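# Structure assessment
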Protein chains: 2
Amino acid sequence: MTSAESPECEGHGAAERFTQARAAQSMALLEDYAEMIDDLIVEHGEARVTEIAQRMGVAHPTATKAVARLKREGLAISRPYRGVFLTEAGVALAARVRARHRTVVDLLVAVGVPVETAELDAEGLEHYVSETTLRAFEAWLRANP
Amino acid sequence: MTSAESPECEGHGAAERFTQARAAQSMALLEDYAEMIDDLIVEHGEARVTEIAQRMGVAHPTATKAVARLKREGLAISRPYRGVFLTEAGVALAARVRARHRTVVDLLVAVGVPVETAELDAEGLEHYVSETTLRAFEAWLRANP
DNA sequence: GCGAAAATGAAGCCTAGGCTACACTTTTGT
DNA sequence: ACAAAAGTGTAGCCTAGGCTTCATTTTCGC
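Now for a description of the structure that goes with this document. (Residues numbered from 1 in each chain as written. Chains lettered and ligands numbered in written order. Predicted model: local features only at pLDDT ≥ 70, side-chain atom pairs only at ≥ 80, totals over all residues. Heavy atoms only, no water.)

## Focus on the protein's contact with DNA strand D
Within the structure, DNA strand D sits among 20 residues, and Arg48 and Thr50 of chain A together with Ala59, Lys65 and Arg69 of chain B are positioned closest to it. Counting only atoms of DNA strand D within 4 Å of the protein, the sugar-phosphate share comes to 57%. Arginine 69 of chain B places a polar side-chain atom, nitrogen or oxygen, 2.4 Å from a phosphate oxygen of DNA strand D. Of all elements in the fold, only helix H2 (49-56) and helix H3 (60-72) of chain A together with helix H1 (14-44) and helix H3 (60-72) of chain B reach the threshold of two or more residues within the surface near DNA strand D. When residues of the surface near DNA strand D are assigned to their parent elements, the largest contribution, 5 residues, is made by H3 of chain B. Looking at the surface near DNA strand D residue by residue, the class counts come to 10 nonpolar, 4 polar and 6 charged. (Near = heavy atom within 4 Å. Polar contact = N/O pair within 3.5 Å; in protein donor to acceptor, adjacent residues only side chain to side chain. Helix = DSSP H or I, 4+ residues; strand = E, 2+ residues; numbered from the N terminus. Nonpolar A, V, L, I, M, F, W, Y, C, P; charged D, E, K, R; others polar.)

Now the structure itself:
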């Protein structure tokens with residue numbers, strides 16, 4: 001542990017970091033589903049629960065629950081036995097997520113990570129990259145072409 | 001996985017990526033607790049549940065539950081009303097996690113992320129960095145001092 | 001040495017995110 | 001047109017990981 005820790009007493013501020021990481025985690029699944037739904041709409045004009053479930057590697061009721069949460073958060077809309085669609089906010093989220101994913105993969109590849117590994121790791125990593133770090137990645141990629 | 005994957009259509013195997021990311025997530029908390037306990041043992045000779053809880057930013061019963069899980073996984077041992085200690089496997093895990101954390105922070109800083117942000121983001125990121133990526137980071141850091 | 005404070009454990013509740021089983025629509029094929 | 005197949009929804013169960021409340025044990029101060 002380096003950086004800004006009080007050497008005496010207990011080093012804290014640690015709790016904050018974990019709390020923040022936990023918050024990021026709760027957003028991660030929502031982001032994945034939003035991006036997935038956006039993909040499906042682009043490909044097929046709509047996203048069906050069954051296909052969302054297949055691609056996410058979960059059973060269909062799990063996908064249904066996730067969609068319900070997306071709707072609660074104002075990111076998606078759907079009617080019974082019909083496809084799922086993203087709201088404006090949902091589309092914006094999906095776009096942000098996709099761009100961030102690209103940047104993360106690009107940076108990993110740029111520092112020597114094999115492309116397939118970069119794609120694999122990015123799936124987990126992307127949700128924990130802050131805006132500040134993302135911009136640093138972009139700046140570095142621009143400066144190191 | 002009941003239903004098989006259609007090898008046709010476009011880019012899948014996506015399900016696998018998500019499944020893997022989910023598995024990594026289930027390991028993340030265990031890793032954080034193991035590292036934290038190791039820190040406390042180094043500092044105080046033992047790790048008390050209350051202090052683990054404080055530093056993780058959770059209530060003490062939450063820490064107790066996490067310790068129970070660590071014990072189930074063979075990573076820690078403890079007796080009622082006594083401190084928590086790591087098994088050999090737990091110590092090894094903590095060491096690996098700490099080394100990985102440092103490498104991730106170093107790489108982030110090296111590409112221009114502010115130190116405080118790097119520490120913050122690394123807390124979430126580190127759990128999703130594969131061995132391959134970690135080694136790529138180390139190689140890159142050696143080549144770009 | 002004893003009573004109070006601090007630490008720990010145990011019970012019970014909540015949400016998220018998995019699952020299976022089953023019921024009900026919609027789509028589809030003859 | 002209608003029955004079978006496919007898709008979707010609902011209910012109910014599980015685990016993980018949060019929480020509060022309360023009981024118990026240890027530790028500490030006097």
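Next, the rest of the story.
## As for the packing of aromatic side chains
The relation between two aromatic rings is expressed through the spacing of the ring centres and the mutual angle of the planes. Applying the stated criterion to the full structure yields 2 aromatic pairs over all chains. Each ring, one from tyrosine 128 of chain A and one from tyrosine 128 of chain B, has its centre 5.1 Å from the other, and the planes form 15 degrees; the classification is stacked. You can see tyrosine 128 of chain A sitting in the loop between helix H5 (115-125) and helix H6 (131-143) and its partner tyrosine 128 of chain B sitting in the loop between helix H5 (115-125) and helix H6 (131-143), one on each of two chains. Both residues of the pair, tyrosine 128 of chain A and tyrosine 128 of chain B, count as buried. (Phe/Tyr/Trp six-rings, centres within 6.5 Å; stacked < 30°, edge-to-face > 60°. Buried < 20%, exposed > 50% of the residue type's maximum accessible area, 1.4 Å probe, protein only.)

## Regarding the interface of chain B and chain A
Taken together, the 44 residues of chain B in the interface contact 44 residues of chain A. Summing the contributions of chain B and of chain A, the shared interface buries around 3,800 Å²; its carbon and sulfur component is 62%. For chain B, the biggest contributors to the area lost against chain A are Arg17, Phe18 and Tyr128 of chain B; these three give 15% of the whole. Linking chain B with chain A are 2 salt bridges, by the criterion used here. Among the ionic pairs, arginine 17 of chain A bridges to glutamate 123 of chain B, the shortest N-O distance being 3.0 Å. On inspection of chain B and its partner chain A, the count reaches 11 residue pairs in polar contact (both at pLDDT 80 or more). No other element matches H1 of chain B, which puts 12 residues into the side of chain B that touches chain A. Of the residues that constitute the side of chain B that touches chain A, the class distribution is 21 nonpolar, 12 polar and 11 charged. (Contact = heavy atoms within 4.5 Å. Buried area = accessible area lost by both parts, 1.4 Å probe. Salt bridge = Lys/Arg side-chain N within 4 Å of Asp/Glu carboxyl O.)

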